[in-house]
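Structural description and commentary
If you want the building blocks of each chain, they are given just below.
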Amino acid sequence: MTIQNPDGSLRAVLVGYACHATVLNIYKISGDWPGFAQEEIEKAHPGVTALFVQGAGADANPLPRRSVELAHLYGQVLAAAVDDVLKLPMKPVEGPLRTAFEIVQVPYQNVPTNDELVQKNPPPRRRFDVTQTYGAYDALLNLPRPRNARWLEMVERGGKLPDHYPYGVQVWQFGKSLKLIALSGEVVVDYSLRLKGQYGWDDTWVAGYSNDVFGYTPSARVLREGGYEATNSGFLVPFSPEIEPLIVQTVAKLMSRTSADK
C-alpha cells in the first residue's frame, strides 16, 4: 500500500510479509530483516517513510539465518519486490473506512485445578526475585518456564486459574477496495490462507501481532500436529481446537458489520 502526496509523488509505503523476524540471535537492538527492508525502501526512495506490518507467519522462519548479512539480504529481497510492485499500476484504496473490534473468549484445554497445580509444584522454601533469578526459581518450582511461576503464586493467593483467554479480533474495510483483518498473537499461516480464500485473495490483508501478543495463535491443524506453536499459548496449557472456528466466526461477524454493501 502506498500513500501519495497531492502532486502524485510517493510519501509512504506499507508492506507486509508472513515470516518471523528471527534471522538474528544477538543482544543488539535491531529491526531484523523487516528493519533492513524499510531501510532499503527508504534509500531507494528518498523522503519516503517505509512501514511494515507482520503477516500470519508464526510457523515460518527465515532460513538460513543467524547472521547480519542474511538479515540484510532478506531485507534487500523484500525491498526489490516492493519496487517491482511500485512499477506496476496499483488500485486506489477508497473509503469510507468502517471498523469493528470484538473480544472472543477462546478456551484452553485440560486446565489443571488449583489443587493439581499446587500438588505438582510444591512451593519452594525460599522465594527469589523472578526478574533476576529465573533459573533458580524455576528449578525449585519444577516449572519449565519462568512465566508459569505467576500462575502458582496466583493460586497460592486464593485466585483461580483462567479457562479462557480474551482474544481480540479486528476488521477494517476501506469501501469496497480493501479488507484488513487484524488478529491477536503470533498467528499461524492457516488463518491467512483460510480468510483470504473466503474473502478474496486480491483485496484481503491478514495481519498478526495486532492489539495483543500473548503467545501463539494456533490453528486446528497445528494443534493436531503438536509442537512448539501448539503448546506455547502463553499459559500452562494449549488452546482448545475451538480456537480456529471461534476466530473465523468472529471475523465473519465483523466483516458483515463493516460491509460496504450495508
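Presented here is a report on the structure given in the accompanying data block. Sequence order as written defines the numbering, with residues in each chain counted from 1. Local features in this predicted model are restricted to residues whose pLDDT is 70 or higher, and side-chain atom pairs enter the listing and the counts only when it is 80 or higher, whereas totals over whole chains, interfaces and linings include all residues. As a convention, hydrogens and water are excluded, and side-chain values are obtained from all of the structure's heavy atoms.

What to know about the environment of Glu 186
The way it works is that DSSP assigns letters per residue, a run of H or I at least four long becomes a helix, a run of E at least two long becomes a strand, and they are numbered from the N terminus. Examined against the element boundaries, Glu 186 turns out to sit in strand E7 (residues 186-187). For the pair Glu 186 and Ser 210, spaced 24 residues apart in the sequence, the C-alpha separation amounts to 8.8 Å. Whether two residues are in contact is decided by their heavy atoms, any of which lying within 4.5 Å being enough. Setting aside residues no more than four positions away along its own chain, Glu 186 makes contact with His 20, Ala 58, Tyr 209, Val 213, Gly 215, Tyr 216 and Thr 217. Within the structure, Glu 186 has its side chain in polar contact with the side chain of Tyr 209 (distance 3.1 Å). For this analysis, a polar contact is any N or O atom pair within 3.5 Å, provided that within protein one partner can donate a hydrogen and the other can accept it, and provided that sequence-adjacent residues contribute only side-chain to side-chain pairs.

Quick look at the pairing of strand E5 (residues 164-174)
Relative accessible area decides the class of each residue, using a 1.4 Å probe on protein chains only: under 20% of the type maximum gives buried, over 50% gives exposed, and in between gives partly exposed. Among the 11 residues in E5, 8 count as buried, and that is most of the element. Summarising the sheet, strand E4 (residues 97-107) and E5 pair through 11 bridges and their orientation is antiparallel. What sits directly across from Ala 100, in E5, is Val 171. When DSSP locates at least two bridges between a pair of strands, those strands are taken to pair. Once E5 ends, the chain turns through 3 residues before running back antiparallel as strand E6 (residues 178-183), passing Gly 175 with a positive phi of about 55 degrees.

Remarks on the nonpolar core
We call a set of buried Ala, Val, Leu, Ile, Met, Phe, Trp, Tyr and Cys residues a nonpolar core when their side-chain atoms join them within 4.5 Å. One finds Tyr 167, Val 169, Ile 181, Leu 183, Ile 247 and Val 251 to be the most contacted residues of the largest nonpolar core, which totals 36 residues. Breaking this core down by element, the ones donating at least two residues are E4, helix H5 (149-156), E5, E6, helix H6 (189-199), helix H7 (220-225) and helix H9 (243-257). Of all the elements, H9 adds the most residues to this core, at 5 residues.

Brief notes about the sheet that holds strand E8 (residues 204-207)
Pairing in this open sheet of 4 strands is mixed, and the strands run E4-E5-E6-E8 from one edge to the other. The open sheet is flanked by E4 and E8, the only strands paired with a single partner. Strand-to-strand, the axes of this sheet are offset by a mean angle of 15 degrees, without reference to chain direction. Axis definition: a line fit to C-alpha positions, over the contact stretch in the case of helices; interaxial angles, taken between N-to-C directions, run 0 to 180 degrees. Against the sheet, H9 engages E4, E5 and E6, with an angle of about 155 degrees to E4.

Remarks on the sheet that holds strand E2 (residues 10-17)
In space, the 3 strands of this open sheet follow the order E1-E2-E3, with mixed pairing throughout. Whereas interior strands pair on both sides, the edge strands pair on one side only; in this sheet they are strand E1 (2-4) and strand E3 (49-54). For this sheet the average axis-to-axis angle between neighbouring strands, irrespective of direction, equals 15 degrees. As paired strands, E1 and E2 are joined by 3 bridges and run antiparallel to one another. By the bridge assignment for E2, Gln 4 is matched with Leu 10. Against the sheet, helix H1 (residues 32-44) contacts E2 and E3, and its axis sits at roughly 150 degrees relative to E3.

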